[in-house]
Amino acid sequence: MSGIPKIAVTIGDAAGIGPEVVLKAVSDRLLLAECLPVVVGDSAVLRRTAEVCGLDCNLESVASEEELLTIGKGPVLFDLANIGDEFTFGVESAKCGKAAGEFIEKSVALWKGGFIDAISTAPLSKRSLALGGYTFPGHTEFLAALTGTERFAMSFFAGDLRVLLMSTHLPLRDAIEKVTTESLLDLIRFADEQISKLIGRKARIAVSGLNPHASENGMFGEEEASRMNPAIEMARAEHIEVSGPHSADTVFLRGFKGEFDAVIACYHDQATIAVKCLSFGAGVNVTLGLPLIRTSVDHGTAFDIAGKNSAEADSMKTAIKLAAKLATMNQQKARDGQLS
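Conventions and cut-offs
- Residues numbered from 1 in each chain as written.
- Predicted model: local features only at pLDDT ≥ 70, side-chain atom pairs only at ≥ 80, totals over all residues.
- Heavy atoms only, no water.
- Buried < 20%, exposed > 50% of the residue type's maximum accessible area, 1.4 Å probe, protein only.
- Helix = DSSP H or I, 4+ residues; strand = E, 2+ residues; numbered from the N terminus.
- Pairing = 2+ DSSP bridges.
- Axes fitted to C-alpha atoms, helices over the stretch in contact; angles between N-to-C directions.
- Contact = heavy atoms within 4.5 Å.
- Salt bridge = Lys/Arg side-chain N within 4 Å of Asp/Glu carboxyl O.
- 1 Å grid on protein atoms, 1.4 Å probe; cavity = no way out; pocket = protein on both sides within 12 Å on 5 of 7 lines; lining within 4 Å.
- Points joined across faces, edges and corners; volume = space filled by probe spheres on them.
- Nonpolar A, V, L, I, M, F, W, Y, C, P; charged D, E, K, R; others polar.
- Parallel < 35°, antiparallel > 145°, perpendicular 65-115°, else oblique.
- Left-handed = near helix turned anticlockwise from the far one by under 90°.
- Lys, Arg positive; Asp, Glu negative; His and termini not counted.
- Polar contact = N/O pair within 3.5 Å; in protein donor to acceptor, adjacent residues only side chain to side chain.
- Core = buried A, V, L, I, M, F, W, Y, C linked by side-chain atoms within 4.5 Å.

Trainee: How do you make sense of the pairing of strand 6 (residues 153-158) when you look at a structure like this?
Mentor: Side-chain direction in a regular strand flips from residue to residue, so the side chains alternate between the two faces of the sheet. Most of strand 6 is tucked away: six of the six residues are buried. As judged from the five bridges shared by strand 6 and strand 11 (residues 284-288), these two strands associate in the antiparallel manner. Bridging across to strand 11, alanine 153 finds its partner in leucine 288. By the bridge criterion, four bridges tie strand 6 to strand 7 (residues 161-165) in an arrangement that is antiparallel. Residue pairing across strands places alanine 158 opposite leucine 161, the latter belonging to strand 7. A loop of two residues connects strand 6 with strand 7, the two strands running antiparallel in sequence, and glycine 159 in this loop sits at a positive phi of about 65 degrees.

Trainee: It is not clear to me how the sheet that holds strand 9 (residues 242-246) should be interpreted in this structure. Could you clarify?
Mentor: The strand order 3-4-2-1-5-12-11-6-7-10-8-9 describes an open sheet built from 12 strands, whose pairing is mixed. Of all strands in the sheet, those bounded by a partner on one side alone are strand 3 (60-62) and strand 9. Across the sheet, the axes of successive neighbouring strands diverge by a mean angle of 25 degrees, strand direction being ignored. Here helix 9 (residues 223-237) sits on the sheet in contact with strand 8 (205-208) and strand 9, set at roughly 170 degrees to strand 9.

Trainee: I'm lost on the pattern of salt bridges in this one. Help?
Mentor: Summed over all chains, the structure comprises 11 salt bridges. One salt bridge connects arginine 127 with glutamate 92, and the closest N-O pair in it is separated by 3.2 Å. Residue arginine 127 is found in helix 5 (residues 126-131), and its partner glutamate 92 is found in the loop between strand 4 (76-79) and helix 4 (94-112); the two are separated by 35 residues along the sequence. Note that arginine 151 and aspartate 186 form a salt bridge whose closest N and O atoms lie 2.9 Å from each other. Pair noted here: arginine 151 is in the loop between helix 6 (139-147) and strand 6 and aspartate 186 is in helix 8 (residues 181-199), with a separation of 35 residues, a long-range link. Given a relative accessible area of 30%, arginine 151 falls into the partly exposed group. Residue classification places aspartate 186 among the partly exposed positions, given a relative accessible area of 35%.

Trainee: Explanation requested: the layout of surface pockets in the structure shown.
Mentor: Empty space among the atoms becomes apparent when a probe as large as a water molecule is rolled across them. Each pocket or cavity is described by its volume, and for the second largest pocket that value is around 360 Å³. Lining the second largest pocket are 21 residues, and of these Lys126, His169, Asn285, Val297 and His299 sit closest to its centre. Elements that contribute at least two residues to the lining of the second largest pocket include exactly helix 6, strand 6, helix 11 (268-279) and strand 12 (294-297). Partitioned by chemical class, the residues of the lining of the second largest pocket number five nonpolar, 11 polar and five charged.

Trainee: Sorry, what's going on with the packing of helix 4 against helix 6 here?
Mentor: Relative to each other, helix 4 and helix 6 sit at 40 degrees, their axes nearing to 11 Å. Between helix 4 and helix 6, the interaxial angle falls into the category oblique. The crossing of helix 4 and helix 6 is right-handed. Across the interface between the two elements, Gly101, Ile104, Glu105, Val108 and Lys112 of helix 4 pack against His139, Phe142, Leu143, Leu146 and Thr147 of helix 6. Across the contact of helix 4 with helix 6, the residue classes break down as five nonpolar, three polar and two charged.

Trainee: Sorry, what's going on with the side chain of aspartate 13 here?
Mentor: By secondary structure assignment, the location of aspartate 13 is in the loop between strand 1 (6-10) and helix 1 (18-25). Arginine 127 is the oppositely charged side chain nearest to the buried, salt-bridge-free aspartate 13, at an N-O distance of 9.5 Å. For aspartate 13, the side chain forms a polar contact with the main-chain nitrogen of alanine 15, separated by 2.9 Å. The contact partners of aspartate 13, leaving out residues within four places of it in the chain, are Gly18, Pro19, Cys96, Gly97, Ala100, Pro123, Leu124, Ser125, Ser128, Thr301 and Phe303.

Trainee: Would you take a moment to explain the packing of helix 10 (residues 248-256) against helix 11 for this structure?
Mentor: For any two helices packed against each other, the geometry is given by the interaxial angle and the distance between the axes. Running from N to C, helix 10 and helix 11 point in directions that differ by 50 degrees, and their axes come no closer than 10 Å. On the basis of their axis angle, the class for helix 10 and helix 11 is oblique. In the packing of helix 10 onto helix 11, the handedness of the crossing is right-handed. Of the residues in helix 11, those in contact with Ala248, Phe252, Leu253 and Phe256 of helix 10 are Gln270, Ala271, Ala274, Leu278 and Ser279.

Trainee: Looking at this structure, how should I read the nonpolar core?
Mentor: Taken as a class, soluble globular proteins show a tendency for nonpolar side chains to be buried jointly. With 93 residues, the main nonpolar core has Leu68, Ile188, Ile264, Met316 and Ile320 as its most contacted residues. Among the elements that make up this core, the one with the highest residue count is helix 12 (residues 314-335) (eight residues). With 15 residues, the next largest nonpolar core counts Val163, Leu165, Phe260 and Val263 among its residues.

Quick look at the structure:
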């Protein structure tokens with residue numbers, strides 16, 4: 001595809017703040033100058049959300065995939081009409097979980113058909129998704145299954161800070177066990193490949209330590225010496241620009257300031273605490289390794305404030321804009337003959 005990129009924007013769990021932040025985001029004129037948002041959701045949900053939150057909901061609906069090839073201005077709504085207005089804000093349900101899964105499935109189908117260029121997702125509830133009959137723990141694994149992707153990783157972008165996670169939604173005890181020489185070396189290689197391709201040059205990668213002060217030469221744990229150092233040394237032998245393990249209390253700030261192109265975090269909260277403290281509301285979740293571009297907000301469904309018009313849409317806007325930027329870069333590479 002060429003021209004202004006079309007970004008499928010899923011509304012996430014209808015009972016959360018997803019519909020609200022999507023409506024707020026796609027009404028931003030600056031965002032509309034960069035892309036054409038194709039909201040994938042339910043018109044009844046959006047109308048009810050707009051009514052209770054005092055928002056505009058003037059989305060033109062499209063009736064078929066083919067119409068997406070001819071529309072010139074946005075935003076538009078691809079209406080799945082799979083929920084209706086019989087739902088309760090702030091309450092997890094099978095209905096909303098099933099619908100959220102269907103929004104994802106339709107977005108991937110639109111991408112496979114060449115009707116959109118990238119996907120940006122509003123938050124869903126993992127419990128509602130399970131109640132709706134899906135077994136995936138989140139978007140990342142769901143999208144990997146839909147695209148047949150075996151090698152993928154969750155990452156967070158916040159300005160110059162790009163963080164890759166060794167594990168996602170695991171109990172901390174299990175996540176620590178996942179930090180092995182083999183898994184770390186594999187992720188370093190993956191980061192080198194994906195981030196280097198993204199930024200157009202050799203990536204500078206930092207590895208965060210697992211223990212306080214990266215174990216302080218063995219004073220506070222042995223994982224750095226026994227598991228992590230060997231992986232870093234092997235990666236360097238392969239001419240990958242990687243350093244560490246660095247103390248987790250400073251390495252993310254160093255990445256944020258541009259000293260590194262990517263930081264590898266040992267577990268979920270090590271990454272997300274840093275990203276949200278440094279750039280809350282402007283961070284973006286990016287799934288690396290997929291054949292499609294997928295970005296998402298850096299927050300959850302926030303059921304406690306759903307339907308109250310108090311949700312900030314900055315992260316949703318940033319996620320859509322980043323998806324558009326990456327899609328435009330892909331279009332340029334295609335024009336330059338760089339894509340195989």
